[in-house]
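Reading the structure
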Amino acid sequence: MTEQDKKTLLKAQQGELDAVLMYKKLATKVKDPKDAETFNRLAAEEGHHASVFKELTGETLKPKNTLAILVPMLYKIIGKKRLYPIIAKSEYSAVDTYQPVAEKFTEIESVKNDEKRHGDTVLELLK
């Protein structure tokens, strides 16, 4: 594993951990029970992703609650119609970030595919 790979994997691991907190907190703030159920499911999946990265990095990281504070606040301020596309875009950008390391570490391929599905899932909540 190169130093750049390790850096990318650690950043990904941190992002997945942070997303767990964000989705859990968002699930408690949204008005629609279907949205809450979806966000709780996504939180669980992001937790699994974090464990995949932990296996690769061998490091134990702590989640940061910045997104868990900011995103629910944005939900109240700008509403789901404007917030959910932002969340989806973040999920889609993870696909691009994971692509180079997914070519070296095959276990990341399924994580990468999940991120695309997460973006699609969040956008589906707007229909």
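A short tour of the structure in this document, coming up. (Residues numbered from 1 in each chain as written. Predicted model: local features only at pLDDT ≥ 70, side-chain atom pairs only at ≥ 80, totals over all residues. Heavy atoms only, no water.)

1. A closer look at the packing of aromatic side chains
- Under the counting rule described, the total for this entry stands at four aromatic pairs.
- Where tyrosine 23 meets phenylalanine 39, the ring centres are 5.6 Å apart and the plane angle is 15 degrees; that geometry is what we call stacked. Taken as a pair, tyrosine 23 in helix H1 (residues 3-29) and phenylalanine 39 in helix H2 (residues 33-57) lie far apart in primary sequence, 16 residues in all. In terms of burial, tyrosine 23 and phenylalanine 39 fall into one category: buried.
- An aromatic cluster is defined as three or more aromatic residues linked by ring pairs; in this entry it consists of Tyr23, Phe39, Tyr75 and Tyr84. (Phe/Tyr/Trp six-rings, centres within 6.5 Å; stacked < 30°, edge-to-face > 60°. Helix = DSSP H or I, 4+ residues; strand = E, 2+ residues; numbered from the N terminus. Buried < 20%, exposed > 50% of the residue type's maximum accessible area, 1.4 Å probe, protein only.)

2. Some points on a positive patch on the surface
- A surface patch of like charges, here positive, comprises Lys25, Lys29, Lys31 and Lys76.
- Relative to the elements of secondary structure, lysine 25 occurs in helix H1. (Patch = residues over 30% accessible without salt bridge, like charges linked within 9 Å, V, L, I, M, F, W, Y side chains within 5 Å. Areas by Shrake-Rupley, 256 points an atom, 1.4 Å probe, with all protein chains shown as cover. Salt bridge = Lys/Arg side-chain N within 4 Å of Asp/Glu carboxyl O. Lys, Arg positive; Asp, Glu negative; His and termini not counted. Charge placed at Lys NZ, Arg CZ, Asp CG, Glu CD.)

3. Section: helix H5 (residues 107-124)
- An ideal rise of 1.5 Å per residue puts 26 Å on 18 residues; H5 measures up with 27 Å between its terminal C-alpha atoms.
- Those residues of H5 that are buried are in contact with H1, H2 and helix H4 (80-104). (Expected span 1.5 Å × (residues − 1). Contact = heavy atoms within 4.5 Å.)

4. As for the environment of leucine 74
- Mapping leucine 74 onto the fold places it in helix H3 (residues 66-78).
- Distance from leucine 74 to lysine 6, taken between C-alpha atoms, is 32 Å for residues 68 residues apart in sequence.
- With near-sequence residues (within four places) excluded, leucine 74 lies in contact with Gly79 and Leu83.

5. Let's talk about a nonpolar patch on the surface
- A surface patch of nonpolar side chains, amounting to about 470 Å² of accessible area, comprises Leu67, Ile69, Leu70, Met73 and Ile77.
- Relative to the assigned elements, leucine 67 resides in helix H3.

6. Side note on the packing of H1 against H3
- Two elements in contact, H1 and H3, have axes separated by 8 Å at closest approach and are oriented at 35 degrees. Where H1 crosses over H3, the two elements pack in a sense that is right-handed. In this structure, H1 contributes Asp18, Leu21, Met22, Lys25, Leu26 and Lys29 to the contact, and H3 contributes Leu67, Ala68, Val71, Pro72, Tyr75 and Lys76.
- Tallied by class, residues from the contact of H1 with H3 come to eight nonpolar, no polar and four charged. (Axes fitted to C-alpha atoms, helices over the stretch in contact; angles between N-to-C directions. Left-handed = near helix turned anticlockwise from the far one by under 90°. Nonpolar A, V, L, I, M, F, W, Y, C, P; charged D, E, K, R; others polar.)

7. Focus on the side chain of threonine 38
- Checked against the element boundaries, threonine 38 lands in helix H2.
- Classification of threonine 38 as buried rests on a relative accessible area of 7%.
- When residues no more than four places from it in sequence are discounted, the contact partners of threonine 38 are Thr121 and Leu125.

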